[in-house]
Amino acid sequence: MEDFLRKLLAEYHILKDNFTDKTITKVIQNEEIKELIKSISEQKKQIINQFKMYHQTEIFLEKYIPITNANAKKPYQYTFDTSAFPDIEIIDILNLSDISGLTYDYQSFTIKGVPAFATSIELEIVFIHKKNPKEEFIKKIPFIVNADPKDLWKDIPSDPQMLYHKPDDDSFSGEFIDKKIVIASKRGRSHAHEGSTRDDHFACQKLFNDWQIVALADGAGSAKFARQGSKLATEKIIEYLGNLTILEQLSDLVIQYFSQKEESISISIKKILYKEVKNLYDYLSEFSKQENIELKDLNTTLIFVLAKKFDFGYVLLTFGVGDCPINLITETNEVQLLNRMDIGEFGGGTRFITMSEIYSSPDMIHRFGIYNFTDFQKFILMTDGIYDPKFVVENKLEDIATWEKFLEDLDGKNEECTKVDFLNDENIEQQLLQWINFWSKGNHDDRTLAIVY
């Protein structure tokens, strides 16, 4: 108190020569002056506190707060860190209601939710200083919700008047020998964005003598009429192999082969299959001439499985040209690739059924497979629109861990939570069509998947 009085006297230029210490003692012992000095001190403290409060408010107003961007249709959560401003309290966020799906939790200072759409907005952060809760301040912060990449892709229906038009999506389900089959084929996002048609195609049919066949083809993106090439390849190979005489011959030869295991019988089976594949090539060549187009305009891959159940088990006759795999998962949870694929170091690039050189190549015989299984869990055919994002490299096609992950994915363990229910399979076609529409960055090709289960 004495110090306060001396500072006050100095402030008013009352020098010590003008008074004695005894004067000061008398003054500070006066009760009224005591109260006045105390009151002045409190007022100064209040002024300083008010100054600190407004200073903290100004610092918070000017502080850069980099709110994390949100992504449309993805869960979002951002908590304001106010540890450096313990007296600042964010009580509301104006404009946040303009973003459907996001809310502000006052208790935890957290913005959370799932924003429905992309936007860029200036949020108005309403805050108070705890020492003056009646006065509200507003801090403006830019906030961005990034677009869902899927929303950037257009989905333009293909023109039904287009030459060789086919539906943008297709699906099938039914019996396959004594098991079931489901197939789904969907136009890729790259085609949908431009309004062009699906180049993939599939066909499945019961044949004479208890044989059944399923075929998939992936028309080359660089081929002008690949959509027609894949359609003709799948449908015509079924027509050619559906001949009763051919199927009876194959039945007899298969029985002989698996009882005698002679290589010559294996070659006889493959020769029959080769002849019909070559007939398909000849047909495509003639078709291109009739249509006045080039054969390469029909470029397409082709895989098929011709299957029948015998007393000694299931026999699968397979063929493949291109980069589409055929896989089987055995009863004992082993996986086997049933066709040679034209990819990787030795493939030299994708081959097409329309390439004449493959028919004279000594490797042609290795494109055919003859397999016998007592039973199996599933066998699966797919185009590269499925293979590329889900398996990436060829050696993963015989990796059971990768297949287990793939089957878990089919069972709903995926970002979209889409499930293909092989037990309650009443709507399995739509389920598989929905599943193959999964998002994979950089993979927007047509997708076709056939599963025998």
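Conventions adopted
- Residues numbered from 1 in each chain as written.
- Predicted model: local features only at pLDDT ≥ 70, side-chain atom pairs only at ≥ 80, totals over all residues.
- Heavy atoms only, no water.
- Axes fitted to C-alpha atoms, helices over the stretch in contact; angles between N-to-C directions.
- Helix = DSSP H or I, 4+ residues; strand = E, 2+ residues; numbered from the N terminus.
- Parallel < 35°, antiparallel > 145°, perpendicular 65-115°, else oblique.
- Left-handed = near helix turned anticlockwise from the far one by under 90°.
- Contact = heavy atoms within 4.5 Å.
- Nonpolar A, V, L, I, M, F, W, Y, C, P; charged D, E, K, R; others polar.
- Pairing = 2+ DSSP bridges.
- Core = buried A, V, L, I, M, F, W, Y, C linked by side-chain atoms within 4.5 Å.
- Buried < 20%, exposed > 50% of the residue type's maximum accessible area, 1.4 Å probe, protein only.
- Patch = residues over 30% accessible without salt bridge, like charges linked within 9 Å, V, L, I, M, F, W, Y side chains within 5 Å.
- Areas by Shrake-Rupley, 256 points an atom, 1.4 Å probe, with all protein chains shown as cover.
- Salt bridge = Lys/Arg side-chain N within 4 Å of Asp/Glu carboxyl O.
- Phe/Tyr/Trp six-rings, centres within 6.5 Å; stacked < 30°, edge-to-face > 60°.
- Lys NZ or Arg CZ within 6 Å of the ring centre and 35° of its normal.
- Arc of directions from axis to C-beta.

A. Up close: the packing of helix α5 (residues 226-241) against helix α7 (residues 263-290). Where α5 contacts α7, the axes come no closer than 9 Å and their chain directions differ by 135 degrees. Comparing their axes, α7 and α5 come out oblique. Handedness of the crossing formed by α5 with α7: right-handed. Listed contacts from α7 to Gln228, Leu232, Ala233, Lys236, Ile237, Tyr240 and Leu241 of α5 are Leu273, Glu276, Val277, Asn279, Leu280, Tyr283, Leu284 and Phe287. Here the contact of α5 with α7 is built from residues that sort into 11 nonpolar, two polar and two charged.

B. Representation of the sheet that holds strand β14 (residues 326-330). Ordered in space as β8-β9-β18-β17-β14-β15, the six strands form an open sheet in which the pairing is antiparallel. Two strands in the sheet have a free side with no partner beyond their single neighbour: β8 (169-176) and β15 (335-337). Going across the sheet, the axis of each strand differs from the next one's by a mean of 15 degrees, ignoring polarity. Packed on one face of the sheet, helix α11 (residues 400-410) meets β14, β15, β17 (376-382) and β18 (447-452) and runs near 85 degrees to β17. Against the sheet, helix α12 (residues 428-435) engages β8, β9 (179-186) and β18, with an angle of about 40 degrees to β9.

C. Examining the nonpolar core more closely. Leu250 and Leu317 are the most contacted members of the largest nonpolar core, which totals 47 residues. When residues of this core are traced back to their parent elements, those giving at least two are β11 (212-218), α5, α6 (244-260), α7, β12 (302-310), β13 (313-321), α9 (357-360) and β16 (368-373). With nine residues, α7 is the largest single contributor of residues to this core.

D. Broad picture of a nonpolar patch on the surface. Judged by side-chain polarity, Leu8, Tyr12 and Ile14 come together as a nonpolar surface patch covering roughly 290 Å² of accessible area. Residue placement: Leu8 occurs in helix α1 (residues 2-11). When its relative accessible area of 32% is taken as the criterion, Leu8 is described as partly exposed.

E. Layout of the sheet that holds strand β3 (residues 88-94). A sheet is described by the order of its strands in space; here four strands give the open sequence β1-β7-β6-β3, paired in mixed fashion. Either end of the sheet is taken by a strand with one partner, and the two such strands are β1 (70-71) and β3. Bridging between strand β6 (residues 119-129) and strand β7 (residues 132-146) involves 11 bridges; their strand directions are antiparallel. Following the sheet pairing, Val126 is matched in β7 by Ile138.

F. Representation of the packing of aromatic side chains within the structure. Scanning all chains against the criterion turns up 27 aromatic pairs. When the ring of Tyr257 is compared with that of Phe258, the centres are 4.9 Å apart and the planes differ by 75 degrees; the resulting orientation is edge-to-face. Take Tyr257: its relative accessible area is 14%, and that puts it in the buried class. Among the aromatic residues, those joined into a cluster by ring pairs are Trp211, Tyr257, Phe258, Phe310 and Phe312. A cation over a ring is seen here: Lys139 above Phe60, with NZ or CZ 5.8 Å from the ring centre.

G. Main features of α11. Within α11, the full set of buried residues consists of Thr402, Trp403, Phe406, Asp409 and Leu410. Around the axis of α11, the buried residues are gathered within 110 degrees of arc, so they sit on the same side. On its buried face, α11 sits against β14, β15, β17, α10 (384-391), α12 and β18. At the C-terminal side of α11, Gly412 shows a positive phi close to 110 degrees.

H. Expanded view of the pattern of salt bridges. Considering all chains together, one arrives at 22 salt bridges under this definition. With a shortest N-O distance of 3.4 Å, Glu31 and Lys34 are connected by a salt bridge. Taken together, the positions of Glu31 and Lys34, both in helix α3 (residues 31-62) and three residues apart, correspond to about one turn of that helix. What makes Glu31 exposed here is its relative accessible area of 52%. A salt bridge links Asp363 to Arg340, with the shortest nitrogen-to-oxygen separation between them at 3.8 Å. Placement of Asp363 in the loop between α9 and β16 and of Arg340 in the loop between β15 and α8 (344-347) is noted, with a sequence separation of 23 residues between them. For Arg340, a relative accessible area of 28% corresponds to the partly exposed category.

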